[in-house]
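Overview (structure and organization)
Listed here are the chains, written in short residue letters.
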Amino acid sequence: MTMVGQERVRNVLFIMCDQLRWDYLSCYGHRVLDTPNIDGLAKRGVRFDAAYVQSACCVPSRMSYYTGRYVSSHGATWNYVPLSVVQNTLGDFLKGAGLEAMLAGKTHVIPDKLGLQRFGLDADSSLGRHYLQGGFSELDRYDGHSSPGSESGYADYLRAQGYDSPDPWTDYAIGALDDNGQAVSGWLLRNAHFPARVDRRHSETAYMTDRALEYIRAKGDQPWVLHLSYIKPHWPLMAPKPYHDMYRDADTGPIISPAAETTAPHPVLQAYRQAHEDCISYGKEDVVRHVRPTYMGLIKEVDDHIGRLMTELEALGRLDDTLIVFCSDHGDQLGDHGLGEKELFYEQAVRVPLIVVDPRKSADATRGTAESRFVESVDVLPTMLEALGLPLSDHLLEGRSLRPILQGEQVDDWRDCVFSELDYAFRDARVLLNRKPDECYAWMVRDSRWKYIHYQGFRPQLFDMRDDPQEIRDLGEDPQYEEVRRCMKDRLADWLMERKRRTTIDNATVERTTEGWKNLGFMKIGVW
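Scope of this entry: the structure provided in the associated data block. As the structure is a computational prediction, the values presented were derived from the model and not from experiment.

Further remarks concern the packing of aromatic side chains. Across all of its chains, the model carries 20 aromatic pairs by this definition. Judged by centre distance (4.8 Å) and plane angle (45 degrees), the ring pair of Y154 and Y207 falls under tilted. Linking Y154 in helix 7 (residues 154-160) with Y207 in helix 9 (residues 204-219), this pair joins segments that are 53 residues apart in sequence. Under the relative-accessibility criterion, Y154 is labelled buried at 0%. Every member of this aromatic cluster is reached through a ring pair, and the members are Y142, Y154, Y157 and Y207.

Right under this line is the structure:
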């Protein structure tokens, strides 16, 4: 790869994986997985070792990435909750500079159709589509949870490659043939060891990489901002050859067992384990050992295609003027703590990989370094905007640009804790716990020593992350730690009171118009 060294960022490549755990990359220390191309990004940029998402659930997490705001501020608290049209996203911030946020892949933006109706906007107009799509222009939108519709060209692409089916995604991309030649589905975890019927050249990951490369080539020397958002390694867990069995006989790592817990499980944790099919399945070691190799293979496939991207960017000379962000929307429990999927606040779910490559010469001193300070997903948007020379709307953005860290500057007031949120009202755990929909919020604050989790209506959780990094011993009821819990709860309350709620007017206008009534010819108020 060529070395970087210019002082200008013209383009942004914003790569996001879905459900990728931070510790399932070789640059983050995985013992088996080899991800040389993602490792290459870390060698050219900064690897953040303490990056946390604002929610370990797809929609709220992604909306925090796209708005630079915490979940309590943007309001899209779970996967069925629309992002309000009044929220500014990446695309809105770019629009004023004549740029567009181009999408290849998943956003999981839930459209705010009622908001459009309220403002009398036509959903088929360019402005209506802008809001319904979360501010993105869609090169190809593919959320990967069901058969793609008109928003994606993937189904037609598969048919053009010879996959003759009314639903080639179900039959080929996430479908396989068992040992008897019978068609089986990737929706069932028991089939994770079979190869997908789709060729590796035509997989979801390959297809979306192709679309991204076509877009970058077509842009030539014009500036661009591309959000390449891979669905993998998110379920359905089925990989094409050779990735399906690449790690079938490999060491899939330890499993943090609920049997190791020294205290009774928290009521919400126990409800998840009892009510949700994914947790019931992943609570069995044989299931975990069966699916982890496929998860690892899907990550390896993503890494291979990132290698294709980097080769092309180098050939086009774009490595020298492109800011690259690599991240994940959340992690995956993968059976740890007797859980599947994500959502709850264990490190496996809320901690994510984050690598940022700043091409400017001023960032040369930090290349190949690992950063231990806390960063959050809300920091990504201000980092991209500042790199492009765009103003930071300080009355809206709740994250901080990472530029000072990327460029090795002394920062004395960097954050010393991170926050995450959960709304489990849509889950069966709520029903099992007999909670009302507005009684299911939870918040996490984590500093260098403690992780504190506050649940509505239930006792808190507390973990000593220094002495108990696997989060085995829940100190939420231990009387010895009452003062710690009180202090951490105060930190959480202070943070909630600091959310940015004055969003219709910027701070510069507030400063300019302070006591402005005095210049309007009014009689003086309150004078004796």
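We now examine the packing of helix 1 (residues 36-44) against helix 12 (residues 285-316). Axis angle and axis distance: for two packed helices, these are the angle between their axes and the distance between the axes, and together they describe the pair. One way to put it is that helix 1 packs onto helix 12 with a least axis distance of 7 Å and a crossing angle of 55 degrees. By the angle between their axes, helix 1 is oblique relative to helix 12. Across the interface between the two elements, P36, N37, I38 and L41 from helix 1 touch K300, D303, D304, I306, G307 and M310 from helix 12. Looking at side-chain class alone, the contact of helix 1 with helix 12 contains five nonpolar, two polar and three charged residues.

In this section: the sheet that holds strand 13 (residues 441-447). A sheet is described by the order of its strands in space; here four strands give the open sequence 12-13-14-15, paired in antiparallel fashion. At either margin of the open sheet sits one strand with a lone partner, and together these are strand 12 (417-423) and strand 15 (461-464). Ignoring which end each strand starts from, the neighbouring axes of this sheet average 10 degrees apart. By the bridge criterion, five bridges tie strand 13 to strand 14 (residues 450-455) in an arrangement that is antiparallel. Along strand 14, the bridge assignment pairs W443 with H454.

Turning to the pairing of strand 1 (residues 11-17), a few remarks are in order. In terms of burial, strand 1 is a largely internal element, seven of the seven residues being buried. Across the two faces of strand 1 the burial is the same, with N11, L13, I15 and C17 and V12, F14 and M16 all buried. Where strand 1 lies against strand 8 (residues 322-328), seven bridges are found, and the strand directions are parallel. Residue pairing across strands places V12 opposite L323, the latter belonging to strand 8. Taken together, the five bridges between strand 1 and strand 7 (residues 225-229) define a ladder with parallel strand orientation. In the sheet register, F14 faces strand 7, and the bridge partner there is H227.

Our next topic: the pattern of salt bridges. All chains considered together, the criterion is met by 48 salt bridges. One salt bridge in this structure joins D321 and R318, with 2.8 Å as the shortest N-O distance. Pair check on accessibility: D321 and R318 agree, each one buried.

It is worth spelling out the packing of helix 9 against helix 12 at this point. Contact pair helix 9 / helix 12: the axes reach a minimum separation of 10 Å and the direction vectors enclose 10 degrees. Comparing the axis directions of helix 9 and helix 12 gives the class roughly parallel. Of helix 12, the residues touching helix 9 (which contributes T205, A206, T209, D210, A212, L213, I216 and R217) are E301, V302, H305, R308, L309, E312, L313 and L316. In the contact of helix 9 with helix 12, the residues fall into eight nonpolar, three polar and five charged.

A few words on the environment of Y70. The residue Y70 is located in the loop between helix 2 (58-67) and helix 3 (71-74) in this model. Classification of Y70 as buried rests on a relative accessible area of 4%. The spacing of Y70 and R318 is 248 residues in sequence and 32 Å in space, taken between C-alpha atoms. Once you skip the residues sitting within four places of it in the chain, Y70 turns out to touch Q54, S64, E376, V378, E398, R415, E421, W495 and R499.

Thresholds applied
Along each chain, the written sequence defines residue order, and numbers are assigned to residues from 1. Per-residue local features are limited, in this predicted model, to residues with pLDDT of at least 70; the limit for side-chain atom pairs, both in listing and counting, is 80 or more; totals at the level of whole chains, interfaces and linings are taken over all residues. Only heavy atoms go into the side-chain values, all of them from the structure, while hydrogens and water stay out. We call Phe, Tyr and Trp rings a pair once their centres come within 6.5 Å, taking the six-membered ring for Trp, and we label the pair stacked below 30 degrees between planes, edge-to-face above 60, and tilted otherwise. Secondary structure elements are taken from DSSP: a helix is a run of H or I of four residues or more, a strand is a run of E of two residues or more, and numbering for both begins at the N terminus. Under the scheme applied here, a residue whose accessible area is under 20% of the maximum for its type counts as buried, over 50% as exposed, and between as partly exposed, the area being computed with a 1.4 Å probe on protein chains only. Axis definition: a line fit to C-alpha positions, over the contact stretch in the case of helices; interaxial angles, taken between N-to-C directions, run 0 to 180 degrees. In this scheme, roughly parallel covers angles under 35 degrees and roughly antiparallel covers those over 145, while 65 to 115 is roughly perpendicular and the rest are oblique. By the convention used here, residues are in contact when the closest approach between their heavy atoms is within 4.5 Å. Here the nonpolar group is Ala, Val, Leu, Ile, Met, Phe, Trp, Tyr, Cys and Pro; Asp, Glu, Lys and Arg are the charged ones; every other residue, Gly included, is treated as polar. Whether two strands pair depends on DSSP finding at least two bridges between them. Any carboxyl oxygen of Asp or Glu that lies within 4 Å of a side-chain nitrogen of Lys or Arg is treated as forming a salt bridge with it.

As far as function goes, none of this settles anything; it's purely spatial.
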